[in-house]
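Okay, here's what each chain looks like letter by letter:
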Amino acid sequence: MTENEFTTTVYYDNDANSSAIEDKTIAILGYGSQGHAHALNLHESGVEVVVGLHEDSSSREAVRDDGLEVTTPAEAAAAADIVSVLVPDTVQPAVYDQIKDELNAGDTLQFAHGFNVHYNQIQPSQGIDVTMVAPKSPGHLVRRNYESGEGTPGLLAVYQNATGEAKTEALAYAKGIGCTRAGVVETTFEEETEADIFGEQAVLCGGITSLIKQGYETLVDAGYSPEMAYFECLNEMKLIVDLMYEGGMGEMWDSVSDTAEYGGLSRGDEIIDETVRENMESVLEDVQDGTFAREWITENQANRPSYTQLRQAEKNHEIEEIGEDLRDLFAWDSE
């Protein structure tokens, strides 16, 4: 176990005791991106796994083809000691209603994201452990890394420790899916949920796409070709992000031209200024006080009218059409 200078605890293989789950049955509810990766990795780690899917799920055949047992969520929960809920956030409360009577004292209810527990859409019963093991990667990479002998960084949190062994068991689960090979960071349900949602909205999904579109529109409105605007504001984004991913911002600055570095350092804060910071703080406040959660829950209850409209508007943006045409022209689209 290692503590970095920011006091965050990181756990590795040597910190995890596989025996904590070796005699237990784990139910994986859902067989999507994360579900299939967790189920197969645990199975190949020697753990007994049963997958829980509703009876008309199209994924049932895939589970059987992968050599795993599949049954209903309630039946899987009844047979399991650990129930890992890996269905989408929006359907988790309904799934929990199906399985809650099958959770016995000493069992574990586990998540890969804290949204429903943190915002009280799921209120776990007393007497059970409630934990989180969250790989910080899409499921197909969790699976690919495991198969290649590598690992995927992850997060671990304990919300309810009824048995006194919740953390030990969660670490063993994290080892079973390959996360402790890379390192597992300890956090809380509150921190994971709020930081994750804020990051998605302000930077990763919302902030970056809006920045790209604004840059694209600025160039096109000034008379530059849509193709040039696409390359300069979207296509090259991957190259820059790859550099930052590999070695931080320092490696990116070292890799670009001096002209690009000076321009970025001297002009970047003129674009992303204190007004943007204030807007980010407002977004974070909506996450922290539950405003966004209530809005999203209501949106789903109303059959997603705003979501559908916003999604369609994004698809209709000119940059999407230009990008599709350009990608079809170049060989790197098929690599």
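Residues numbered from 1 in each chain as written. Predicted model: local features only at pLDDT ≥ 70, side-chain atom pairs only at ≥ 80, totals over all residues. Heavy atoms only, no water.

## Let's talk about the pairing of strand β7 (residues 108–111)
Right, on to step 1. The alternating pattern of β7 places Thr 108 and Gln 110 on one face and Leu 109 and Phe 111 on the opposite face, and all of these are buried.
Right, on to step 2. In this sheet, β7 lies alongside strand β6 (residues 82–85) in parallel orientation, the contact comprising 4 bridges. Counted as the bridge partner of Val 83 is Leu 109 from β7.
Right, on to step 3. With helix α4 (residues 92–99) bridging β6 and its parallel neighbour β7, the resulting β-α-β unit is right-handed.
Right, on to step 4. Where β7 lies against strand β8 (residues 129–135), 4 bridges are found, and the strand directions are parallel. Bridge pairing links Thr 108 to Asp 129 in β8. (Buried < 20%, exposed > 50% of the residue type's maximum accessible area, 1.4 Å probe, protein only. Helix = DSSP H or I, 4+ residues; strand = E, 2+ residues; numbered from the N terminus. Pairing = 2+ DSSP bridges. Right-handed = clockwise from strand over helix to strand, strands pointing away.)

## Some thoughts on a negative patch on the surface
Right, on to step 1. Negative charge collects at one region of the surface, where Glu 217, Asp 221, Glu 227, Glu 318, Glu 320, Glu 321, Glu 324, Asp 325 and Asp 328 lie side by side.
Right, on to step 2. Mapped by element, the contributors of at least two residues to the negative patch are α10 (206–221) and α16 (318–329).
Right, on to step 3. Top element by residues in the negative patch is α16. It accounts for 6 residues.
Right, on to step 4. Here Asp 325 shows up in helix α16.
Right, on to step 5. The partly exposed category is assigned to Asp 325, whose relative accessible area is 43%. (Patch = residues over 30% accessible without salt bridge, like charges linked within 9 Å, V, L, I, M, F, W, Y side chains within 5 Å. Areas by Shrake-Rupley, 256 points an atom, 1.4 Å probe, with all protein chains shown as cover. Salt bridge = Lys/Arg side-chain N within 4 Å of Asp/Glu carboxyl O. Lys, Arg positive; Asp, Glu negative; His and termini not counted. Charge placed at Lys NZ, Arg CZ, Asp CG, Glu CD.)

## With respect to the nonpolar core
Taken as a class, soluble globular proteins show a tendency for nonpolar side chains to be buried jointly.
Right, on to step 1. Ile 26, Ile 28, Tyr 31, Leu 42, Val 51 and Tyr 173 are the most contacted members of the largest nonpolar core, which totals 29 residues.
Right, on to step 2. Every element with two or more residues in this core is listed here: β3 (25–29), α1 (33–44), β4 (48–52) and α7 (166–176).
Right, on to step 3. Here the element with the most residues in this core is α7; it accounts for 5 residues.
Right, on to step 4. When neighbours within four sequence positions are excluded, Leu 42 is seen to be in contact with Ile 21, Ile 26, Ile 28, Val 47, Val 49, Tyr 173, Gly 176 and Ile 177.
Right, on to step 5. In this structure, Ala 76, Ile 99, Val 117 and Phe 189 belong to the second largest nonpolar core, which totals 24 residues. (Core = buried A, V, L, I, M, F, W, Y, C linked by side-chain atoms within 4.5 Å. Contact = heavy atoms within 4.5 Å.)

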